[in-house]
Every structure is written in C-alpha cells, then in structure tokens.
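Remarks on the overall topology
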Amino acid sequence: MKQVLLKARPQGFPKASDFAVDTAPIPTPGPDQMLLRTIWLSVDPFMRLGLDEKPLGGNNGVPLDSVMIGDAVSEVVESNLEGFAPGDFVICRSGWREYAVVGAGTQNLRKIEPAKNAPLSGAIGALGMPGQTSYAGMVTVGRVKEGETVVISAAAGAVGIIAGQIGKLKGARVVGIAGGADKCAAVVAAGFDACVDYKAADFEEKLKAAVPDGIDLYFDNVGGDVTHTVLPLVKYGARWASCGFISNYDVPDYGPGPDRMPWLLRMIMLKGLEIRGFNGAIVGGKPALDQMRAWVEDGSIKIKQTVFDGLDKAPVAFESLFKSNANVGKVVIKVAKDA
C-alpha cells in the first residue's frame, strides 16, 4: 500500500517536497482493532501547527519519517472491534495512507451514514470538523443575529464558505474576504452579500465601503494584516470569533516584525471587543453535526469542495492551502472509489 511520510521540517509554509510517498505492507488488525480502506482524505491548514520540532502552542508533533496525520473517510475491510462491521463507513484520524489499522481510541473515530444531497466526502467537510467549526463560530461563539453585519476572512475556504451560508440562514448581512477576483466571485455565488479582495491595492477602502454601519461579528481564519485592517471597523461590543491565523502558521509563538500587542490591547479596550478562540469539534460537538446534517439534507447549506485525485497528490494539495490558488471550499483527496 502507499503512504505519505514527513521527510523534512517545513521552513515557513509547507512544501510538497517536505513529504515522500512510500510503500508498506497492508497491516493486519489485532484484537479490538479493525482494518480500514481509505476513500477520502482530508488536508487542513491546522496540520501545519504540528510539523515543527517544537510544535506551536503545544500541539502534538509529527515525527520525521512517520505517516502524516490526517482525517479520512474509510470503509471497514475487516473488524475485530465491537460495533463495527465490514462495509461500514467511518471517519477517524488514520493518516495519509491507503490502509490503516485503528482501535477504539483513535482520534475522531465515529461511524457515519451517507447523507442526502451530500457526497461521502462531506463527512470531512460540512458534515464533519469544518461544519462543526463553522457552526460553533457563527452560532455558539459568535451568536449571530438577524440584521447584523458579519465579516468572514478566508471566506472561500472550507470553514469560511460554510460560515457565510450559516450567517445568511440566520438573517445577517455577510461580507467575505478572499484573495483574488475568482475567489471573491465564488464567495458571492455561495450566497454572501459581498466579498472584498485582500490582495487589491484599495482593500482597506473597499472593506470600509462594504460595512458602512460597522461590523458586529468578525469570524477570523487568517489573522495578520487582514485582521489588522478589520478591527478598526468593528462596532463597540463586537464579537471576534478567533478560528485560525493561517497567515502566521509558519512562525513561532513570538514571530518576527513589530510588536502589535499595544495596538491590539488598545483595540480591545476602545472597541469593547469580546474575543474567544475555540476548537470547533469541542465547542460545536454533536449538536453542530446534527444541525449541519439537517441543513445539508434540506438544501439550506451547499457543499463546496476542491478534489485532488490520488494519495500521491496529498503533499501538493496540502501546499496549495497556503498559496493563492483556485481552491474553493473543502480540499479533499480521492484515494479510492466509494464502493
């Protein structure tokens, strides 16, 4: 079977050359284990946090020459684990490989049932962690209300494009921020009221024009200069749902550049900002999964994804998350046929 190993610590953002495709025998499950055949593999920006020798913020690190971490939708091939039978579909953090042996303690392990209006890969998208995260940030943490103005950074990404649809369902005015005209067009096509290109020379002016009455909720996936531009435009008492900071995933806890902490503290005080960071799977939990499934099945939420074909493409797909490119929605790897 094929598997993808971490071969080098990324210097800055990850590159495809930091990984290597290897082969290994298909493993055999022992007592209380099962053998899985990977069908769909997820690549997510947060994985970068575990690739340094001393991972950022205490995240679990990936040893060199070991299988890269990652969630996958798989089919049970052989099972010695109670509650799971051959032919079942499951999701778990089984890694970048074609087959995996897992046990009950494997991270994120749960059985899944295909949903109406959704491909099986939706289990690692709108019906999985990205959906939980979008729901948690908009509903649980952000407490979005009808008539409010919401700004979402990385609006064309796996989380952002779902969060925007949730905002519209809740009656808010939703403005996205994305990189490039094509991505902004995709964001507007997904139902956002507007999208502003952060790469444009007049980004700050266009964002001000898009939120003439100020911002009630900022759903932040980016941090960095984008957030530095957004915060002066929030209303007093605004909420800041801090979901990610991909612009700084490549730097240590104390990054290079000027110290913006005094400015940030001033913004927090003068704007009466309410800030909460969150883990979508923990905060959203099962209620988020249940609601996302209902919205997907009744057509309220549309699944957007970019597909790379073959496990070999996982390193390239992962690298693409950190570049300006045409990816829209959840990036997934098709490793095998659904059945």
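The protein is annotated in an unreviewed UniProt entry as NADP-dependent oxidoreductase from Sphingomonas montanisoli.

Remarks on the packing of aromatic side chains
Per the counting criterion, the structure on display carries 8 aromatic pairs. Ring geometry for Phe19 against Trp96: centres 5.3 Å apart, planes inclined by 35 degrees, an arrangement best described as tilted. One end of the pair, Phe19, is in strand S2 (residues 19-23); the other, Trp96, is in the loop between strand S5 (89-92) and strand S6 (99-103), with 77 residues separating them in the sequence. On the accessibility criterion, Trp96 (0% relative accessible area) is buried. Seen from their ring centres, Phe219 and Phe278 are 6.2 Å apart, and the 85 degrees between their planes marks the pair as edge-to-face.

Some details on the pairing of strand S12 (residues 234-242)
Note: strand S11 (residues 215-220) against S12, 5 bridges, orientation parallel. From the neighbouring strand, Asp220 faces S12, where its bridge partner is Ser242. Handedness of the crossover joining S11 and S12 through helix H5 (residues 224-230) is recorded here as right-handed. Two strands pair when backbone bridges link them, and S12 and strand S13 (residues 274-277) are joined in this way by 4 bridges, in the parallel orientation. Along S13, the bridge assignment pairs Ser242 with Gly277.

Looking at the domain arrangement of the protein
Domain boundaries in the protein define domain 1 (2-125 + 304-334) and domain 2 (129-282). Computed over C-alpha atoms, the centres of domain 1 and domain 2 are 27 Å apart. Both sides together, the interface formed by domain 1 and domain 2 hides about 1,600 Å², and carbon and sulfur atoms give 65% of it.

Some details on helix H2 (residues 160-169)
Among the 10 residues in H2, 8 count as buried, and that is most of the element. Every buried residue belonging to H2 is among Gly160, Ile161, Ile162, Ala163, Gly164, Gln165, Ile166 and Gly167, and all of these are buried. Those residues of H2 hidden inside the fold are in contact with helix H1 (129-141), strand S8 (149-152), strand S9 (173-178), S11 and helix H7 (280-297).

Notes on the nonpolar core
Trp96, Val230 and Phe318 are the most contacted members of the largest nonpolar core, which totals 45 residues. Split by domain, this core shows at least three residues from each of two domains, domain 1 (2-125 + 304-334) and domain 2 (129-282).

Examining the packing of H1 against H2
With their axes 9 Å apart at the nearest point, H1 and H2 run at an angle of 45 degrees to one another. One finds that H1 runs oblique with respect to H2. The crossing of H1 and H2 is right-handed. Of the residues in H2, those touching H1 at Pro130, Gly131, Ser134, Tyr135, Met138 and Val139 are Ile162, Ala163, Ile166 and Gly167. Grouping the constituent residues of the contact of H1 with H2 by class yields 7 nonpolar, 3 polar and no charged.

As for the side chain of Ser94
Tracing the sequence through the fold places Ser94 in the loop between S5 and S6. The class for Ser94 is buried, based on a relative accessible area of 3%. Apart from residues lying up to four places away in sequence, Ser94 is in contact with Gly70, Ala72, Ser74, Ala100 and Val102.

Considering the pattern of salt bridges
One pass over the structure, following the stated rule, counts 18 salt bridges. Between Lys15 and Asp18 there is a salt bridge, and its shortest N-O distance comes to 3.9 Å. Lys15 sits in the partly exposed class, given a relative accessible area of 35%. On the basis of relative accessible area, Asp18 is assigned to the buried category, the value being 4%. Between Lys208 and Glu204 there is a salt bridge, with its nearest N and O atoms 3.9 Å apart. With Lys208 and Glu204 both in helix H4 (residues 203-210) and 4 residues apart, this pair spans about one turn of that helix. Residue Lys208 is classed as partly exposed on the basis of its relative accessible area, which comes to 44%. By relative accessible area, which is 40% here, Glu204 ends up partly exposed.

Conventions adopted
Residues numbered from 1 in each chain as written. Predicted model: local features only at pLDDT ≥ 70, side-chain atom pairs only at ≥ 80, totals over all residues. Heavy atoms only, no water. Phe/Tyr/Trp six-rings, centres within 6.5 Å; stacked < 30°, edge-to-face > 60°. Helix = DSSP H or I, 4+ residues; strand = E, 2+ residues; numbered from the N terminus. Buried < 20%, exposed > 50% of the residue type's maximum accessible area, 1.4 Å probe, protein only. Pairing = 2+ DSSP bridges. Right-handed = clockwise from strand over helix to strand, strands pointing away. Domains from an automatic or database assignment. Buried area = accessible area lost by both parts, 1.4 Å probe. Contact = heavy atoms within 4.5 Å. Core = buried A, V, L, I, M, F, W, Y, C linked by side-chain atoms within 4.5 Å. Axes fitted to C-alpha atoms, helices over the stretch in contact; angles between N-to-C directions. Parallel < 35°, antiparallel > 145°, perpendicular 65-115°, else oblique. Left-handed = near helix turned anticlockwise from the far one by under 90°. Nonpolar A, V, L, I, M, F, W, Y, C, P; charged D, E, K, R; others polar. Salt bridge = Lys/Arg side-chain N within 4 Å of Asp/Glu carboxyl O.

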